[in-house]
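Close look at the chain arrangement
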Amino acid sequence: MHISFNPIHHTIQLSYVLLFLLVDSYNGPNLVLKYDKQRKKLVNIAVDDRSSPFYALRDRQGNAIGVTACDIDGDGREEIYVLNTNNAFSGRATYSDKLFKFRNGRFEDLLNDDINEHRDVANPMAGRSVACVDRKGTGRYAIYIANYASGDVGPHALIEMDEAASDLSQGVVALSNVAEQAGVNKLIGGRGVVVGPIVSQTLSDIFCDNEYGSNFLFRNNGDGTFTDVAQQAGVEDPMQHGRGVALADFNRDGRTDIVYGNWNGPHRLYIQLNNRKQKFKDIASQKFSMPSPVRTVITADFDNDNELEVFFNNIAYRGPSANRLFRVSRREHGDPQIEELNIGEAAEPEGRGTGAVAADVDGDGRLDLIVSHGESAAQPLSVYKVNQGLTSSWLRVIPRTKFGAFARGAKVVVYTKKSGPHTRIIDGGSGYLCEMEPVAHFGLGKDTATTVEVYWPDGRSVARPLEASEINSVLEIHYPTDEEEVTPTVEMKVNHMMKDIGDALYNTH
């Protein structure tokens, strides 16, 4: 079996693709890539011109390795957090991160504002990944930073707006590091991060795969604090070294599953079991789990056939190491079927892969694959278009927050006539090096979508039937008014109670 990717070659050389159309570079200025429909190519609009509104995003001094975007101040526009390492493997770095806000007609760094100078938010640490989390369900996001600690230097950080000290009417955004308050200020070799309703129904949980230590699965307690339940859930994996990670519902049972790659170790596909203990089981096949020097991991339906694929982006490290693609298909009984696919030129066995994203670059309803290279050797960006799925139906859903921004961490469910429910989670984090587009993409094949449901991190939800005219289109779902809301969830209240008794319940299983 195969999915053929048609390469669309670009000559741009860079180190990391991190956020769709924002490309962080480790050894040069960052890029902002925009698709030019007339020329049918990606062009860089962050030019070396101080009058450009994108000039600050270039940040030539920074050695960027991660990026994420979300609305931290509730103005309806996403801020952009850029994680710099500047040659520091662990502990303290020589150059701080950047948090860009579009203000005064241009992007400006909030971390450089006078009000934030002495608030412990610049994070001059050697981080690996960043993610956005709406920890309290307010529609205003915090930035989770997976730092790589050296001894007691460099705990994981959580940066968010201090509402009491901010004056949004004057463009003043005061920031605070609330990691200790939230219970996530762990010291470890942090690597990948994903955010979404993992063991919670709608609240944003956080999963971190780590190096030289156990993974974290932070369950949201409903009051802005988190409890690590990785051991009870069976996803600690303490002897491995995590890298790319993604969330999906592979067996379409409504529960969130976790897939990630380990650096030259067995890759994992954790299916969440159907029981009250919220346990996970690794169902990775021998081929799927085969160790490799993995970087980014992507889950997507590239060929719109109604089944999910898992893409492993590898780096040619001490010899060739091809990218790999697996289809994970739901079965009526038993675990999903895992099948390796031939991806032709997209295998790139000599590629120095440092990241990848899946996004509909040209708006044709099919996901394109963008692969970046660099770090150990300069190579051009690769852009691939899938040849299959030309006649398959599709649907793309964009949930919005109450402020109108992308609803990172929201859950979208589409019901179909033949194959039942399909779930996607709006990407809230870089996974490892890359953040995906804030769109729930559904390949439908020959099936018919009948209903769409959206669940926001605060527990609000909306469900409505789909019209035939809405298939093969991009559908925006706005945050509900009280009249529009479907049956309210009581999860926020339940989780307040669970905060006190949750650990005890887990320990009794």
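To keep things clear, this report deals only with the structure shown in the data block. (Residues numbered from 1 in each chain as written. Predicted model: local features only at pLDDT ≥ 70, side-chain atom pairs only at ≥ 80, totals over all residues. Heavy atoms only, no water.)

**Regarding the pattern of salt bridges**
Test applied: The term salt bridge refers to a pairing of a side-chain nitrogen on Lys or Arg with a carboxyl oxygen on Asp or Glu at a separation within 4 Å. Only runs of H or I of at least four residues qualify as helices and only runs of E of at least two qualify as strands under DSSP, and these elements are numbered from the N terminus. Buried residues are those whose accessible area, probed at 1.4 Å on protein chains only, stays under 20% of the maximum for their type, while exposed residues exceed 50% and partly exposed ones sit between those limits.
With the rule as written, the count across this model stands at 34 salt bridges. The partner of aspartate 73 in a salt bridge is lysine 101, with the nearest N and O atoms 2.6 Å apart. Placement of aspartate 73 in the loop between β5 (64-70) and β6 (79-84) and of lysine 101 in strand β7 (residues 98-103) is noted, with a sequence separation of 28 residues between them. For aspartate 73, a relative accessible area of 3% corresponds to the buried category. Put simply, arginine 327 and aspartate 303 hold a salt bridge, and the shortest N to O gap is 2.9 Å. With a gap of 24 residues between them, arginine 327 in strand β23 (residues 324-329) and aspartate 303 in the loop between β21 (294-300) and β22 (308-314) connect regions that are remote in the sequence.

**As for the sheet that holds strand β8 (residues 106-109)**
Note the cut-off: Strand pairing is assigned whenever DSSP detects at least two bridges linking the two strands. Inter-axis angles, ranging from 0 to 180 degrees, are taken between N-to-C directions of lines fitted to C-alpha atoms, where helices are fitted over the stretch in contact.
The 4 strands are arranged β5-β6-β7-β8 in an open sheet whose pairing can be described as antiparallel. What marks the edges here is a single partner per strand, and that holds for β5 and β8. Between one strand axis and the next, the sheet turns by 25° as a mean value, whatever way the strands run.

**Some details on the environment of isoleucine 398**
Worth spelling out the cut-off: Residues are treated as being in contact if the distance between any of their heavy atoms lies within 4.5 Å.
Among the secondary structure elements, isoleucine 398 is positioned in strand β28 (residues 393-399). Judged by its relative accessible area of 10%, isoleucine 398 falls in the buried class. It is 6.4 Å that separates the C-alpha atoms of isoleucine 398 and alanine 440, two residues lying 42 residues apart in sequence. Once you skip the residues sitting within four places of it in the chain, isoleucine 398 turns out to touch Phe406, Pro438, Val439, Val474, Leu475, Glu476 and Ile477.

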